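The residues making up each chain are set out below.
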Amino acid sequence: EWVAMAASGILDFDEFVASAPRLSAVYGGLSGNRDIPRAAMLAVGAGRDEVIRFVSQIERTVHIANDNCPHQVVIVVEHADAEPVTKHLQARGIFVERLPYDRGYHTPVFTYICEPLHKYFSSLKISSPKSLLYSSTTAKPYPKKPKDILQLVSETFARPLLFRDTIEAMYDAGARIFLEVGPRGLLTGFVDDILRGRPHTSIAMNKQKKSGIATLHNALAMLAALHVSMDLKPL
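Reading the values: the criteria
Residues numbered from 1 in each chain as written. Predicted model: local features only at pLDDT ≥ 70, side-chain atom pairs only at ≥ 80, totals over all residues. Heavy atoms only, no water. Pairing = 2+ DSSP bridges. Helix = DSSP H or I, 4+ residues; strand = E, 2+ residues; numbered from the N terminus. Axes fitted to C-alpha atoms, helices over the stretch in contact; angles between N-to-C directions. Buried < 20%, exposed > 50% of the residue type's maximum accessible area, 1.4 Å probe, protein only. Arc of directions from axis to C-beta. Contact = heavy atoms within 4.5 Å. Salt bridge = Lys/Arg side-chain N within 4 Å of Asp/Glu carboxyl O. Phe/Tyr/Trp six-rings, centres within 6.5 Å; stacked < 30°, edge-to-face > 60°. Polar contact = N/O pair within 3.5 Å; in protein donor to acceptor, adjacent residues only side chain to side chain.

The antiparallel open sheet is built from four strands, whose spatial order is β2-β3-β1-β4. Taken across any chain shown, the strands that pair with only one partner, and hence form the sheet edges, are β2 (63-69) and β4 (96-98). On average, each strand axis in the sheet is inclined to that of its neighbour by 20°, with strand direction left out of account. Bridge count between β2 and strand β3 (residues 72-77): five bridges; the pairing is antiparallel.

Pasting the structure below:
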């Protein structure tokens, strides 16, 4: 999303790229901070309401960190609760995978990064967006005022990622073509799950176990078939 901020004109692209080592240092500094409570992140093959209902049956606290689609969420629980929550969900036929992270990213327990991020983004020039950009932490377009943008991005890791709600909001606003610019193509599957039964096209530009250039050409061909204007000279 932060790269999209640069593409939309909120950030100066060259300045943002040049600042990458400082952003990496922010992450590195937090990784060694023992004051930040540890947590377990679990990818769960069920919807958010279903997961919350089942976990409440064993009286464990759960945070929805990523609401990806109707059939997948990422939850955060205390380390000690990871095994009982996993077993309780699996006993009900729900897929659960423990992710290789030990912090409560995208939950209220990870507010420790807000101040460092505020300091980092305060050092960059922030402008009003030149093109419409949605935030996956609010499921709304980015604000126009730089000070409001600064506040929003500073809280990114302390808020859940509302991918499902964001796609729904974009669809309600008229979006019908969803192009995934990134690796693996997982989000394309999420979009298809969210918009199941409704007219849309989702396109991945990179897929596992497939030639990168062939997948790129296939994506461009699909966009051309949808009458999307493109500059093909770089090919």
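All of the buried residues along helix α6 (residues 114-122) are C114, L117, Y120 and F121. The arc enclosing the buried residues of α6, seen along the axis, measures out at 125°, which places them on a common side. Facing away from the buried side of α6 by more than 90 degrees, the exposed set consists of E115 and K119. Buried-residue contacts for α6 involve α1 (2-7), α2 (13-18), α3 (20-31) and α7 (146-154).

This part is about the pattern of salt bridges. What the rule picks out here adds up to nine salt bridges. With a closest N to O distance of 2.4 Å, D67 and R48 form a salt bridge. Of the two residues, D67 sits in strand β2 while R48 sits in helix α4 (residues 48-56), which places them 19 residues apart along the sequence. Among the residues examined, D67 registers a relative accessible area of 2% and is labelled buried. Members of the salt-bridge network, linked through shared partners, are R38, D102 and R103.

This paragraph deals with the packing of aromatic side chains. Evaluated as defined, the whole model comprises nine aromatic pairs. Their ring planes at 70° and their centres at 4.7 Å tell us that Y105 and F110 sit as a pair that is edge-to-face. Residue Y105 is classed as partly exposed on the basis of its relative accessible area of 25%. Taking relative accessible area as the criterion, F110 reaches 2% and is therefore assigned buried.

Further remarks concern unusual backbone geometry. Backbone geometry at E59 places phi at a positive 55°, although glycine is not the residue there. Here R184, not a glycine, exhibits a phi torsion of approximately 80°, which is positive. With respect to the element layout, R184 can be found in the loop between β7 (177-180) and α9 (186-194).

Turning next to the environment of Y142. Of note, Y142 is situated in the loop between β6 (140-141) and α7. In sequence terms Y142 and V153 are eleven residues apart; their C-alpha atoms lie 9.8 Å from each other. Excluding residues within four positions of it along the chain, Y142 makes contact with E1, M5, I10, L133, Y134, S135, I149, L152 and V153. Within polar-contact distance, the side chain of Y142 engages the side chain of E1 at 2.6 Å.

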